Amino acid sequence: MKILVPIKRVADPANANKVKVDDDATKVTSEGLEWVMNPFDEWSLEAALRLTENAAEKARVGEIVVVSITPGEGDTDHIREALGKGAERGIVVPAGTDEQLDASVVAKILAAVVKKEEPDVVLMGKQAADGDSAVAGTKLAELLEWPVVNYATNIATSDEGKTFEVKRELDIGVQTLKVEGPVVFTSSDRILRPDSIKNGVTPDDFEYADLGDLNSRLSNLKNIMAARKKPIDTMTLDDLGVELGVGTEYVKFTLPQGRSGSAEFVETVDELVQKLQTEAKVL
Amino acid sequence: MANPLIDDRLVDLLLRDVLQAERLTALPHFADHGPETFELYLSACRQLARGALASSYRPLDLEPPVFEGGRVRLHPRFGPLFTQLRELGVIAATRPEEVGGQQMPLTVSTLAHTYLMAGNLSVAALAWLTTGAAHLVEAFGDDAVKERFLARMYAGEWTGTMALTEPHAGSSLGDLTTSATPAPDGTYRIRGAKIFISGGDHDVAENVVHLTLARIEGAPEGTKGISLFAVPRLREEGGALVDNDVHVTGVIHKIGWKALPSLALGFGDRGDCHGWLVGAPHQGLRMMFQMMNEARISVGATAAATASAAYHEARAYALERRQGRALGERGGEPVRLVEHPDVRRMLLRQKAIVDGSLALAATTALHADLAEHGPEDARERHRLLLDLLTPITKTFPSEAGFEATALAVQVLGGYGYTSEYLPEAFLRDQKLNTIHEGTTGIQSLDLLGRKVMARGGAGLRVLAEEIQRALAEAEAAGLEEGLRAPLGAALGQLGALTATLGQRGMAGDTLGMLGHSVDYLTASGLLVIGWQHLRLATAATRRLEGGADAFAEGLLRGARYWMATEVPRVAHLCRLCETGEPSYLEMQPEWF
């Protein structure tokens, strides 16, 4: 099974307080930001790794190609990170600036990459942690005329990706769908639960370790060394026949209000309860 | 926000600007590496440390291992954490590819180690102990011994220990009595008792291999009659693992590193404990000492790591907690602790100790890399520096780190003295570092009695050249004189003192030379940490040319603090050594 995993770089959501907007408030300035892999894409990377391995034997049985559309020169740090976790190949598409990369452009670029790579599955985050628009996956499927299942919590296949049984958790319950590949999936964080992925190769009773706070498995040193020798191809917009043309106009960015108030220490639980009742009035 | 444990910005500055670790990748041994392998490895270690390791630290501290039915059972969270460390590849990270390693420079792995130790030192120590024990097998074992033990140890399937200490022989290993009797099959039968064996038994890996010092029957007395053996808990026989007559006789109740069992072990109660000789007979101590540099650098790095974790707890608390009014103010809102001058003093003191210690550990590790794998013609120089810096790298972070960790308790005030907050636990952990792998007293004798005097004082001359070069670079970068002059003066004082003490030694006045060896070691530490701050300040100054940088400002103030308050103490300590200040030397036992 061949899976394409798109990876966006985003400003570290853990340091959101460092995000600033420029003087006329029409864009977020990237100066001084720490870039990380979009956490939602990391979930998908982990799901893709589980779909393409025999976890009991720690053996890879499929192929993952990670693709990153990167403003400017084409930063490959996060592709290397994904290769260090076990992905086989990388593709970097240097393209424009952050503002020029809205969901429609991203979907067009990804569609062009899919046509070249012909994966069985595209597995991506349900949204990016910066823009939160949650559009690119659906738009990509539309351009490819492929089925799409959004917010997948469980993915199972027993025929190497020809067909899938997919679950989605909705407010009213769990929806189970059957879908034929090729297909676009966007994943929810529940895809990381130890039993969320069944690929017909890893024994069904295999237990993945709980990832805790992590969005995907840790790299290990052996994979990190191997990643140095794994190929990262560059595809330009010309190669892909895509032109930048933004369908979204950003009118204004406003930073959230700073938090007010301060921490207060109390000595006893009784005092806490009393304050919650009389001062905070939340009980 | 969770405790970052170690400041990534410092690690980055050290690797890029101060040590220029990327240069290592030009050496054949490190050719498969690049800045991205360093960064990805550090990133994986830091994620594991800040996540799973750190979040388990307190539960493991609260529930130490249990001794039941002759076996030791660790906290249930220990095993999965150890598996994660093992799978990450930390045990063999620095070792050659042919034994299953990845040839990671010690410079990088030492910094990675600080994150892991700061996160949860008991778990990380089991991996570290295994690396040390396996390294002995790798360096000195014959093919049969390597075949039997090495791959499984480096894979972490079997863990390792160092079984040196006996109830009556700790620092004086020459007195140990564990015996080894040759057996017809070429192995030895081991009999004796060992104590303080960390990781000596547990339930998180299949087997434990004790690298054990023992005396072959008829061996010479003292340190020249000690041999090294690999003694597994279970030995392979007929394709199965059978009991090798190594028994836990007691669990030590210690004050820190609580999740890692420290045990008393009995070898050969039934006369059926097989040991495999590692290296030549009677060479055990010599081999141990060859491995000692890395272990001692690692202790220094661990001490820096614990002090760093404690500093970050204190820093976060002082930035949040409001208490009292600003000096000279009456009434108004309470201010944050960090607004009080004395709290800032305590935080800056901790930061200066932590930054200097981390820089020193990484620097010494760099010289270890270059001494072993650097250009042939420069290896001797790096070897001299490595040997000289090792006892200082072991001791300064351990001694000053204990003070820094105590300051973290102090910053938290009454809350710091409770087990609701972490600094008290870090303080308990920290104390071990001045004791294990050679106490501070032992390190001082090693430094003054051996290292600075070796080869006519060549080590100190090379160190002086390095410090002079750093001073020239600092001047070129525009560092103010107040940041440079104290260091130059202290270097001169220590050099002159060393010549005087050396002459006393040669004249047979051992007490006159070594009576104040710890003061000498302390002075060396203050100087060498001053050198680290000078280099950090130089790098910080260059960064500030690129624009405002809060981290660089902090480094500059740390350096200034060190030069103003600590480096001048070198002169006083040198005077104590030089005059042989007699108060404790004259004390008679009955006067205590």
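Definitions and cut-offs
Residues numbered from 1 in each chain as written. Chains lettered and ligands numbered in written order. Predicted model: local features only at pLDDT ≥ 70, side-chain atom pairs only at ≥ 80, totals over all residues. Heavy atoms only, no water. Patch = residues over 30% accessible without salt bridge, like charges linked within 9 Å, V, L, I, M, F, W, Y side chains within 5 Å. Areas by Shrake-Rupley, 256 points an atom, 1.4 Å probe, with all protein chains shown as cover. Salt bridge = Lys/Arg side-chain N within 4 Å of Asp/Glu carboxyl O. Buried < 20%, exposed > 50% of the residue type's maximum accessible area, 1.4 Å probe, protein only. Core = buried A, V, L, I, M, F, W, Y, C linked by side-chain atoms within 4.5 Å. Contact = heavy atoms within 4.5 Å. Lys, Arg positive; Asp, Glu negative; His and termini not counted. Charge placed at Lys NZ, Arg CZ, Asp CG, Glu CD. Pairing = 2+ DSSP bridges. Helix = DSSP H or I, 4+ residues; strand = E, 2+ residues; numbered from the N terminus. pLDDT = per-residue confidence, 0-100. Axes fitted to C-alpha atoms, helices over the stretch in contact; angles between N-to-C directions. Parallel < 35°, antiparallel > 145°, perpendicular 65-115°, else oblique. Left-handed = near helix turned anticlockwise from the far one by under 90°. Nonpolar A, V, L, I, M, F, W, Y, C, P; charged D, E, K, R; others polar. Domains from an automatic or database assignment. Buried area = accessible area lost by both parts, 1.4 Å probe. Polar contact = N/O pair within 3.5 Å; in protein donor to acceptor, adjacent residues only side chain to side chain.

Enquirer: How should I be thinking about a nonpolar patch on the surface in this particular structure?
Expert: Nonpolar side chains collect at one region of the surface, where Val269, Val273, Val282 and Leu283 of chain A lie side by side and expose about 390 Å² of accessible area between them. For Val273 of chain A, a relative accessible area of 33% puts it in the partly exposed group.

Enquirer: Please explain the nonpolar core as it appears in this structure.
Expert: Grouped burial of nonpolar side chains is what soluble globular proteins tend to show. With 223 residues, the main nonpolar core has Val66, Ile155 and Phe185 of chain A together with Tyr41 and Tyr520 of chain B as its most contacted residues. In contact with Phe185 of chain A, not counting residues within four places along its chain, are Val121, Val122, Leu123, Met124, Val149, Ile155, Phe164, Val166 and Val179 of chain A.

Enquirer: I tried to follow a negative patch on the surface on my own but got confused; where do I start?
Expert: Residues Asp195, Asp204, Asp205 and Glu207 of chain A make up a contiguous surface patch of negative charge. On the accessibility criterion, Glu207 of chain A (63% relative accessible area) is exposed.

Enquirer: Explain the pairing of strand β13 (residues 173–180) of chain A to me, please; I cannot follow it from the model alone.
Expert: For a regular strand, side-chain orientation follows a simple rule: the groups alternate between the two sheet faces. All names here are of chain A. The pairing of strand β12 (residues 163–170) with β13 spans 8 bridges and is classified as antiparallel. Following the sheet pairing, Lys167 is matched in β13 by Thr176. Linking β12 to β13, which pair antiparallel, is a turn of 2 residues.

Enquirer: What should I look at first to understand the confidence of the model for chain A in this one?
Expert: When pLDDT drops low, the exact placement of atoms in the prediction is not to be read closely. The pLDDT averaged across chain A works out to 89; a share of 99% of its residues lies at or above 70. Element-level mean pLDDT values for chain A span from 76 in strand β4 (residues 28–29) of chain A up to 97 in strand β1 (residues 2–6) of chain A.

Enquirer: Please clarify how the confidence of the model for chain B should be interpreted in this entry.
Expert: Mean pLDDT over chain B stands at 96; residues scoring 70 or higher make up 100%. The ipTM value of the predicted complex is 0.89, and its pTM value is 0.92.

Enquirer: Where do I start with the pattern of salt bridges in this structure?
Expert: Any two side chains of opposite charge can pair, on the condition that their charged atoms come close. Overall, the coordinates contain 55 salt bridges over all chains when judged by the stated rule. Of the charged contacts, one joins Arg543 of chain B and Asp12 of chain B as a salt bridge, the two residues approaching to 3.8 Å between their closest N and O atoms. Taken as a pair, Arg543 of chain B in helix α15 (residues 517–544) and Asp12 of chain B in helix α1 (residues 8–18) lie far apart in primary sequence, 531 residues in all. Here Glu566 of chain B ties to Arg349 of chain B by a salt bridge, and the two come within 3.0 Å at their closest N and O atoms. Linking Glu566 of chain B in helix α16 (residues 550–566) with Arg349 of chain B in helix α7 (residues 341–373), this pair joins segments that are 217 residues apart in sequence. Relative accessible area serves as the criterion here: at 5%, Glu566 of chain B is assigned to the buried category. You can call Arg349 of chain B buried: its relative accessible area is 11%. Sharing partners across several salt bridges, the network here consists of Lys2, Glu63, Arg89, Glu117 and Asp233 of chain A.

Enquirer: Can you help me understand the packing of α7 of chain B against helix α8 (residues 379–411) of chain B in this one?
Expert: A packed helix pair is summarised by two numbers, namely the angle formed by the two axes and the spacing between the axes. Residues and elements named next belong to chain B. At a minimum axis separation of 8 Å, α7 and α8 run at an interaxial angle of 155 degrees. The orientation of α7 with respect to α8, classified from their angle, is roughly antiparallel. Relative to α8, α7 is oriented so that their crossing is left-handed. Here the contact of α7 with α8 is composed, by residue class, of 20 nonpolar, 10 polar and 5 charged.

Enquirer: Looking at this model, I keep getting lost on the domain arrangement of chain B. Mind explaining?
Expert: How big an interface is tends to be stated in terms of the accessible area lost upon association of its parts. Residues and elements named next belong to chain B. In terms of domain boundaries, chain B breaks down into domain 1 (8–144), domain 2 (159–282) and domain 3 (439–582). Computed over C-alpha atoms, the centres of domain 1 and domain 2 are 25 Å apart. Taken together, the contacts link 26 residues of domain 1 with 25 residues of domain 2. Overall, the association of domain 1 and domain 2 removes approximately 2,300 Å² of surface from exposure, summing both partners, and the carbon and sulfur fraction of that is 73%. Taken as a group, Arg71, Val72 and Leu129 account for 22% of the area that domain 1 buries against domain 2, more than any other trio of residues on that side.

Enquirer: Which parts of the structure should I look at to understand the interface of chain B and chain A?
Expert: On the side of chain A, 18 residues touch chain B, which itself brings 24 residues to the contact. Buried area between chain B and chain A, both sides added, is near 1,900 Å², and the carbon and sulfur share of it is 62%. The largest share of the area that chain B buries against chain A comes from Leu40, Gln47 and Gln102 of chain B, three residues that together contribute 28% of it. Where chain B touches chain A, the interface holds 3 salt bridges. Between Glu87 of chain B and Lys58 of chain A there is a salt bridge, and its shortest N-O distance comes to 3.1 Å. For the interface between chain B and chain A, the tally reads 7 residue pairs in polar contact (both at pLDDT 80 or more). Taken together, the elements giving at least two residues each to the side of chain B that touches chain A come down to α2 (35–62) and α3 (78–88) of chain B. Residue contributions to the side of chain B that touches chain A peak at 8 residues, all from α2 of chain B.

Enquirer: Before we go on, may I ask you to explain the pairing of strand β14 (residues 183–187) of chain A in this structure?
Expert: Residue and element names in this part refer to chain A. For β14, a buried count of 5 out of 5 residues is recorded, marking the element as mostly surrounded by other parts of the structure. Side-chain alternation along β14 places Val183, Phe185 and Ser187 on one buried face and Val184 and Thr186 on a second face that is also buried. In this sheet, β14 lies alongside strand β10 (residues 121–125) in parallel orientation, the contact comprising 5 bridges. Along β14, the bridge assignment pairs Val122 with Val184. In this structure, strand β11 (residues 148–156) lies alongside β14, joined through 3 bridges in parallel fashion. Bridge assignment links Ala152 to a residue of β14, and that residue is Ser187.

Enquirer: What is the right way to look at the packing of helix α13 (residues 485–506) of chain B against helix α17 (residues 569–579) of chain B in this model?
Expert: Residues and elements named next belong to chain B. One can describe the packing of α13 onto α17 by two numbers: an axis separation of 10 Å at closest approach and a directional angle of 10 degrees. Between α13 and α17, the interaxial angle falls into the category roughly parallel. Contacts from Ala490, Gln493, Leu494, Leu497, Thr500, Leu501 and Arg504 of α13 reach α17 at Val570, Ala571, Cys574, Cys577 and Glu578. Grouping the constituent residues of the contact of α13 with α17 by class yields 8 nonpolar, 2 polar and 2 charged.

Enquirer: Is there a simple way to think about unusual backbone geometry in this case?
Expert: Glycine aside, negative phi is the norm for most residues, and most peptide bonds take the trans geometry. Residue and element names in this part refer to chain A. For the bond from Gly181 to Pro182, the omega torsion is 0 degrees, close enough to zero to count as cis. Structurally, Pro182 is set in the loop between β13 and β14. One non-glycine residue, Glu145, adopts positive backbone phi at about 60 degrees. Within the secondary structure, Glu145 sits in the loop between α4 (136–144) and β11. For Glu145, a relative accessible area of 73% translates into the label exposed. With phi around 50 degrees, Lys281 is a residue other than glycine that occupies positive phi space. Tracing the backbone through its elements, the reader meets Lys281 in the segment after α7 (269–278). Residue Lys281 is classed as exposed on the basis of its relative accessible area, which comes to 63%.

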